[in-house]
Amino acid sequence: MSASPVSWTEIQAWASLTGYSPSPWEADTLMILSRVYLAQVQDSNGERVPAPYAPVQESAAQVSQDLGKLLDALMAEQKKRR
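All of these numbers come straight from a predicted model, not from anything done at the bench. (Residues numbered from 1 in each chain as written. Predicted model: local features only at pLDDT ≥ 70, side-chain atom pairs only at ≥ 80, totals over all residues. Heavy atoms only, no water.)

The helix and strand inventory of the protein chain stands at three helices and zero strands. Relative to its length of 82 residues, the protein chain is extended, with a C-alpha radius of gyration of 19 Å against a globular reference of 12 Å. C-alpha extents for the protein chain along the principal axes are approximately 55 × 30 × 25 Å. For the protein chain, with 82 residues in total, the buried portion stands at 11%. Considering only contacts in the protein chain between residues 6 or more positions apart, those separated by 24 or more positions represent 26%. Counting every atom, the protein chain has about 7,200 Å² of accessible surface; 59% of that belongs to carbon and sulfur. (Helix = DSSP H or I, 4+ residues; strand = E, 2+ residues; numbered from the N terminus. Rg over C-alpha atoms; globule rule 2.2 N^0.38 Å. Buried < 20%, exposed > 50% of the residue type's maximum accessible area, 1.4 Å probe, protein only. Contact = heavy atoms within 4.5 Å. Areas by Shrake-Rupley, 256 points an atom, 1.4 Å probe, with all protein chains shown as cover.)

In this section: the environment of Leu67. Along the chain, Leu67 falls in helix H3 (residues 60-81). With relative accessibility at 45%, the residue Leu67 sits in the partly exposed group. Sequence spacing of Leu67 and Gly19 is 48 residues, and the spatial spacing of their C-alpha atoms is 42 Å.

Right, let's talk about the side chain of Ser44 for a bit. With respect to the helices and strands, Ser44 occurs in the loop between helix H2 (24-43) and H3. For Ser44, the side chain forms a polar contact with the main-chain oxygen of Gln40, separated by 2.7 Å. (Polar contact = N/O pair within 3.5 Å; in protein donor to acceptor, adjacent residues only side chain to side chain.)

Moving on, we get to the pattern of salt bridges. A full pass over the atoms with the stated rule returns one salt bridge. Taking the shortest distance from any N to any O, the salt bridge between Glu77 and Lys80 comes out at 4.0 Å. Placement of the pair is Glu77 and Lys80 together in helix H3, with a separation of three residues, close to one helical turn. On the basis of relative accessible area, Glu77 is assigned to the partly exposed category, the value being 34%. (Salt bridge = Lys/Arg side-chain N within 4 Å of Asp/Glu carboxyl O.)

Taken together, Leu67, Leu70, Leu71 and Leu74 make up a surface patch of nonpolar side chains, about 370 Å² in accessible area. For Leu71, the location among the structural elements is in helix H3. When its relative accessible area of 43% is taken as the criterion, Leu71 is described as partly exposed. (Patch = residues over 30% accessible without salt bridge, like charges linked within 9 Å, V, L, I, M, F, W, Y side chains within 5 Å.)

What follows is about the confidence of the model for the protein chain. The pLDDT averaged across the protein chain works out to 85; a share of 95% of its residues lies at or above 70. The least confident element of the protein chain is H3, whose mean pLDDT is 84; the most confident is helix H1 (residues 8-18), at 95. (pLDDT = per-residue confidence, 0-100.)

Quick look at the structure:
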(Lines give C-alpha, C1' and ligand atoms only; values in the text may rest on other atoms or scores of the structure.)
Protein backbone atom coordinates (compact mmCIF):
# COMPACT_ATOMS: atom_id res chain seq x y z
CA MET A 1 0.00 0.00 0.00
CA SER A 2 1.51 3.30 -1.05
CA ALA A 3 1.29 6.59 0.78
CA SER A 4 -1.38 9.06 -0.24
CA PRO A 5 -2.11 12.67 0.68
CA VAL A 6 -4.34 13.45 3.64
CA SER A 7 -7.98 13.51 2.58
CA TRP A 8 -10.73 15.91 3.56
CA THR A 9 -12.40 13.03 5.40
CA GLU A 10 -9.25 12.43 7.45
CA ILE A 11 -8.98 16.12 8.34
CA GLN A 12 -12.64 16.12 9.36
CA ALA A 13 -12.13 12.99 11.49
CA TRP A 14 -9.06 14.51 13.14
CA ALA A 15 -10.97 17.72 13.86
CA SER A 16 -13.83 15.74 15.36
CA LEU A 17 -11.52 13.67 17.55
CA THR A 18 -9.45 16.58 18.81
CA GLY A 19 -12.24 19.13 19.14
CA TYR A 20 -10.23 21.59 17.02
CA SER A 21 -12.02 23.15 14.09
CA PRO A 22 -9.44 24.32 11.53
CA SER A 23 -10.28 27.33 9.42
CA PRO A 24 -10.72 26.69 5.69
CA TRP A 25 -7.25 28.19 5.13
CA GLU A 26 -5.70 25.84 7.69
CA ALA A 27 -7.42 22.77 6.25
CA ASP A 28 -6.37 23.72 2.72
CA THR A 29 -2.80 24.31 3.91
CA LEU A 30 -2.74 20.83 5.51
CA MET A 31 -3.86 19.34 2.19
CA ILE A 32 -1.18 21.23 0.25
CA LEU A 33 1.57 20.34 2.73
CA SER A 34 0.57 16.69 2.58
CA ARG A 35 0.80 16.63 -1.24
CA VAL A 36 4.11 18.53 -1.27
CA TYR A 37 5.62 16.22 1.36
CA LEU A 38 4.68 13.10 -0.60
CA ALA A 39 5.99 14.60 -3.84
CA GLN A 40 9.32 15.31 -2.13
CA VAL A 41 9.49 11.77 -0.75
CA GLN A 42 8.98 10.43 -4.28
CA ASP A 43 11.57 12.83 -5.80
CA SER A 44 14.24 12.06 -3.21
CA ASN A 45 17.13 10.05 -4.56
CA GLY A 46 19.59 9.89 -1.72
CA GLU A 47 22.71 12.05 -1.44
CA ARG A 48 21.86 15.11 -3.57
CA VAL A 49 18.15 15.14 -2.85
CA PRO A 50 17.63 13.67 0.63
CA ALA A 51 14.21 12.56 1.78
CA PRO A 52 12.42 15.10 4.00
CA TYR A 53 12.47 12.61 6.89
CA ALA A 54 16.21 11.84 6.58
CA PRO A 55 18.40 12.85 9.52
CA VAL A 56 20.53 15.93 9.03
CA GLN A 57 24.09 14.91 8.24
CA GLU A 58 25.76 18.32 8.31
CA SER A 59 26.41 20.61 11.22
CA ALA A 60 24.79 24.04 11.33
CA ALA A 61 28.22 25.59 10.73
CA GLN A 62 28.72 23.51 7.58
CA VAL A 63 25.26 24.42 6.27
CA SER A 64 25.99 28.09 6.94
CA GLN A 65 29.34 27.87 5.16
CA ASP A 66 27.81 26.10 2.15
CA LEU A 67 24.99 28.63 1.95
CA GLY A 68 27.50 31.49 2.13
CA LYS A 69 29.45 30.00 -0.79
CA LEU A 70 26.27 29.62 -2.80
CA LEU A 71 25.20 33.21 -2.17
CA ASP A 72 28.70 34.50 -3.02
CA ALA A 73 28.58 32.59 -6.31
CA LEU A 74 25.14 33.98 -7.13
CA MET A 75 26.26 37.54 -6.40
CA ALA A 76 29.38 37.09 -8.53
CA GLU A 77 27.25 35.83 -11.40
CA GLN A 78 24.92 38.82 -11.12
CA LYS A 79 27.89 41.20 -11.25
CA LYS A 80 29.12 39.53 -14.45
CA ARG A 81 25.75 40.16 -16.11
CA ARG A 82 25.78 43.90 -15.40
